[in-house]
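Observations on the three-dimensional arrangement
Read off the chains here:
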Amino acid sequence: MSSTTNTSTTGQISDTISNAANYVGETVKEYTSSASKEGNKEVAKGNTDASLSDRASAGFSAVGDKIDESTHGAKADAHKEAAKH
């Protein structure tokens, strides 16, 4: 019976480590998307010498980056909660 307990405990520890690593990975992706979004916003606002088409493209990219940022943030929160339990 103790081997079952050890396997279960080992599995729980492994799951916790996996969730913690996934949390860190998703948090990094969230911050990367945020930085990209901010850069694209600056281009879209016209704070560079970019052409009108480049500014429009940057605006669309900023929207995509915001979606990615939100998605990664939600995934990071889920992994964080899973690691707690």
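Residues numbered from 1 in each chain as written. Predicted model: local features only at pLDDT ≥ 70, side-chain atom pairs only at ≥ 80, totals over all residues. Heavy atoms only, no water.

With respect to the side chain of His 72
Heads up, the condition is: Runs of E in the DSSP output that reach at least two residues are strands. Runs of H or I that reach at least four are helices, and both are numbered from the N terminus. When accessible area is computed with a 1.4 Å probe and restricted to protein chains, residues below 20% of their type maximum are described as buried, those above 50% as exposed, and intermediate ones as partly exposed. Residues are treated as being in contact if the distance between any of their heavy atoms lies within 4.5 Å.
Within the secondary structure layout, His 72 lies in helix 2 (residues 52-84). The class for His 72 is buried, based on a relative accessible area of 16%. Those residues in contact with His 72, other than ones at most four positions away along the chain, are Glu 26, Lys 29, Glu 30 and Ser 33.

Some thoughts on the confidence of the model for the protein
Note the threshold: Per-residue confidence from the prediction method is given by pLDDT, with values spanning 0 to 100.
Summing up the model confidence of the protein, the mean pLDDT is 91 and the portion of residues at 70 or higher is 92%. Across residues 1-6, where pLDDT falls below 50, the model places zero contacts with residues more than four positions away in sequence or in other chains.

A short note on the pattern of salt bridges
Heads up, the rule is: Every case where a carboxyl oxygen of Asp or Glu lies within 4 Å of a side-chain nitrogen of Lys or Arg is listed as a salt bridge.
Under the definition given, this model contains six salt bridges. The partner of Glu 38 in a salt bridge is Lys 41, with the nearest N and O atoms 3.5 Å apart. Residue Glu 38 and its partner Lys 41 are both found in helix 1 (residues 2-45); the two are separated by three residues, about one turn of the helix. Look at Glu 38 and you get partly exposed, because its relative accessible area is 34%. Note that Lys 66 is salt-bridged to Glu 69, the shortest N-O span being 3.7 Å. Of this pair, Lys 66 and Glu 69 both sit in helix 2, three residues apart, which is roughly one turn of the helix. The partly exposed category is assigned to Lys 66, whose relative accessible area is 40%. Here the residues in one salt-bridge network are Lys 37, Glu 38, Lys 41, Lys 66 and Glu 69, joined through shared partners.

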